[in-house]
Amino acid sequence: MPYMMGGFPDPETSIRIANAYADSGADLIELGVPYSDPLADGPVIHEAATSALAAGVRFEDVLEACRAVSGRLPVVLMAYTNMVLGSQGPAAFAERSLAAGACGVIVPDLPLGEDEPTRDLLNSAGLSVVPLIAPTTPEKRQTEICRLAAGFVYVVSTVGTTGERNELPAELQGLVAGVSAEADVPVAVGFGIGTAEQAAEVGRISDGVIIGSKLVRLVADADGGDQAVAAVSRFLEQTRRAMGG
Amino acid sequence: MKVESPHVPGRFGPYGGRYVPETLIPALDELVAAWAEARADPAFSEQLAGLQRDYVGRPTPLYLASRLSQRVGRNVYLKREDLAHTGAHKINNALGQVLLAKRMGKPRIIAETGAGQHGVAAATACALLDVECVVYMGSEDIRRQRPNVERMGLLGAEVVPVEAGARTLKEAVSAAIRDWVANVETTHYVIGSVVGPAPFPTLVRDLQRVIGDEARVQALEAEGALPARVIACVGGGSNAIGTFTAFVPDENVALIGVEAAGDGVDTDRHGASLSAGRTSVLHGSMSSVIADDEGQILEAHSISAGLDYPGVGPEHAYLRDTGRAEYVSVTDLEAVSAFRELSRLEGIIPALESSHAIAWLLGQGRSTEPGYDLVCLSGRGDKDLAEVIGLEDA
């Protein structure tokens, strides 16, 4: 389940990257909507968002990438609350996202208990709100989050913001097992996964592996669109092989 | 007009809330419980009150500024927060929160700072209470508030420059929140204003309301009646909330918050989030924010680093909507002119932030109506000398 920043490094290349993800056998694309103040993100994704916004990328450009691949595989948007509210409110956000073929949305700054009307509105419009569970989430709250989950549950592997880590915490396996026992939907793990080996390790204990900063960094470091597409394709193929797919 | 108190905990009407990553939710819950418990504990209140008296120098005086009064047209009293230890009201909050963090067993403190006053206050409280302290500060603010950077170093705090965006307060808050997400189990985030996710806007208000509680008693003693207007500058809005809170039930007292108009609220360079903002989320709460039509946060501008922030505390947005407080703004030029004028009239060099409140009184706010005014002089201006003198040279 690879992540990409919509409109980065430019709208045209981002559509090519989305197609490259599909070609590499991704099961789902997590498509980031650039936001000026992404509190859950580490420096790599933050910089990509800043760069996309500086180049004038708007929500419509992200939807363009969504439209380009949503016929090939499921697309889940990753959008902060401000993007969901926009100027026209969550109903308009849901309508535009669904029309572009998105099936769900991850809102990293909309935790359980906060603004439930917005969550209900998105879900009832048919755009599944994928909730997050963190290593710090108490068990009772985990259960409640699982009960409300639509699409899948996103388990945050480590305490902190998005970004590659050398090692994943030993407690991860227990956390994922606990959540899987409670959830009726698949359980995916993200944050900190930056190598094919880590992906394989997490793939053994969960239903899905989300890779974000690593891929965004490959795009940021590439010299032009062709190199960016080649770099992410190569990495995803290695990952798929390591995961035995 | 009667203002209902908000019913949902952590919400002020539609504003406030906790728009933060899931990782932080348990820490915010823990903070709510710890603060309720600390407030109910007489030993905690006594310890804080003792430090406020003997260490901070509270109560700060309420001073009748006679020559300023002549200019304005009626009596003006200054609540002298500039005389509090470290030179601004920020110490009220920092000391309370660091005491609370110690009680919660958190060995590490992080803080953000714009003008450097909150950073200095946090570093001071951490030195006093022997806690590790890391302060995030935009590199542009490090440039324009050099003396405060040096003070933090002397006090033993580590100042981490933030290079993102416009390299000012907004990015410093974001960097502090990201640090908190990563180190939440060992760290308490001493936020510097009435902003951020619940319970911070309430917690900081509770710690700053001492300004207005003292001032109300002092004003009644001096004049035998309540002031006609209570005036304070508003960036994040902590000195304003601290001053206003005691007067909110006094319906005949007008509450006036003065925002930074920068180059003008009709330009794209200002910090007037209440006068020219839209309802958005910034740094974990819903409030009135300078943002574009898609919800992207825009850069603020003010000559005063402490007001150079595109958001404002959610309670201010609520006080604005209910009509209980009125928000006005003054430009950089007006603030600098008031900075000079108060220095000459009263021998008091005000912080550029507080100069905004003085500037409003000397300009749009002049009045010869009966009654008198009370202004929160939130900080002293030593830190701003280089910035103002630089303008002269330019």
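Structure shown above.
Presented here is an overview of the structure given in this document.

### Quick notes on the overall build of chain B
When helices and strands are tallied, chain B shows 16 helices and 14 strands. Taken over the C-alpha trace, chain B has a radius of gyration of 19 Å; the compact-globule value for 394 residues is 21 Å, and the two agree within 12%. Counting the 394 residues in chain B, one finds 65% classified as buried. Excluding contacts between residues fewer than 6 apart, the proportion of contacts in chain B whose partners are at least 24 apart in sequence is 75%. Both charge centroids of chain B, one from 36 positive and one from 52 negative side chains, sit 3 Å from each other.

### Quick notes on the interface of chain A and chain B
If you look at the interface, chain A gives 36 residues, while chain B gives 32 residues. A buried area of about 2800 Å², summed over both sides, lies between chain A and chain B, and 50% of it is on carbon and sulfur atoms. Three residues stand out in chain A for area buried against chain B, namely Asp 37, Leu 39 and Glu 114 of chain A, and they jointly supply 22% of the buried area on that side. Our enumeration of links across chain A and chain B arrives at six salt bridges. If you look at where chain A meets chain B, you find 19 residue pairs in polar contact (both at pLDDT 80 or more). Elements with a contribution of two residues or more to the side of chain A that touches chain B: α2 (43-54), α4 (81-85), β6 (132-133) and α7 (139-148) of chain A. Ranked by residue count, the leading element in the side of chain A that touches chain B is α4 of chain A, at four residues. In terms of residue class, the side of chain A that touches chain B is made up of 19 nonpolar, 10 polar and seven charged.

### Description of a nonpolar patch on the surface
On the surface, a nonpolar cluster with roughly 230 Å² of combined accessible area is contributed by Ile 349, Leu 385 and Ile 389 of chain B. By the secondary structure assignment, Leu 385 of chain B is in helix α16 (residues 385-393).

### Details of helix α9 (residues 196-205) of chain A
Given 3.6 residues to a turn, an α-helix orients residues that are three or four positions apart in the same direction. All buried positions along α9 of chain A are accounted for by Ala 196, Gln 198, Ala 199, Ala 200 and Val 202 of chain A. Buried residues in α9 of chain A make contact with α8 (172-182), β8 (187-190), β9 (208-209) and α11 (225-242) of chain A.

### A few points about the sheet that holds β9 of chain A
Residue and element names in this part refer to chain A. Read from one edge to the other, the open sheet built from four strands follows the order β6-β7-β8-β9, with strand pairing classed as parallel. Each end of this open sheet is capped by a strand with a single partner; those strands are β6 and β9. For β8 and β9, the ladder comprises two bridges, and the chain directions are parallel. Paired with Val 189 across the strands is Val 209, a residue of β9.

Calculation notes
- Residues numbered from 1 in each chain as written.
- Chains lettered and ligands numbered in written order.
- Predicted model: local features only at pLDDT ≥ 70, side-chain atom pairs only at ≥ 80, totals over all residues.
- Heavy atoms only, no water.
- Helix = DSSP H or I, 4+ residues; strand = E, 2+ residues; numbered from the N terminus.
- Rg over C-alpha atoms; globule rule 2.2 N^0.38 Å.
- Buried < 20%, exposed > 50% of the residue type's maximum accessible area, 1.4 Å probe, protein only.
- Contact = heavy atoms within 4.5 Å.
- Lys, Arg positive; Asp, Glu negative; His and termini not counted.
- Charge placed at Lys NZ, Arg CZ, Asp CG, Glu CD.
- Buried area = accessible area lost by both parts, 1.4 Å probe.
- Salt bridge = Lys/Arg side-chain N within 4 Å of Asp/Glu carboxyl O.
- Polar contact = N/O pair within 3.5 Å; in protein donor to acceptor, adjacent residues only side chain to side chain.
- Nonpolar A, V, L, I, M, F, W, Y, C, P; charged D, E, K, R; others polar.
- Patch = residues over 30% accessible without salt bridge, like charges linked within 9 Å, V, L, I, M, F, W, Y side chains within 5 Å.
- Areas by Shrake-Rupley, 256 points an atom, 1.4 Å probe, with all protein chains shown as cover.
- Pairing = 2+ DSSP bridges.

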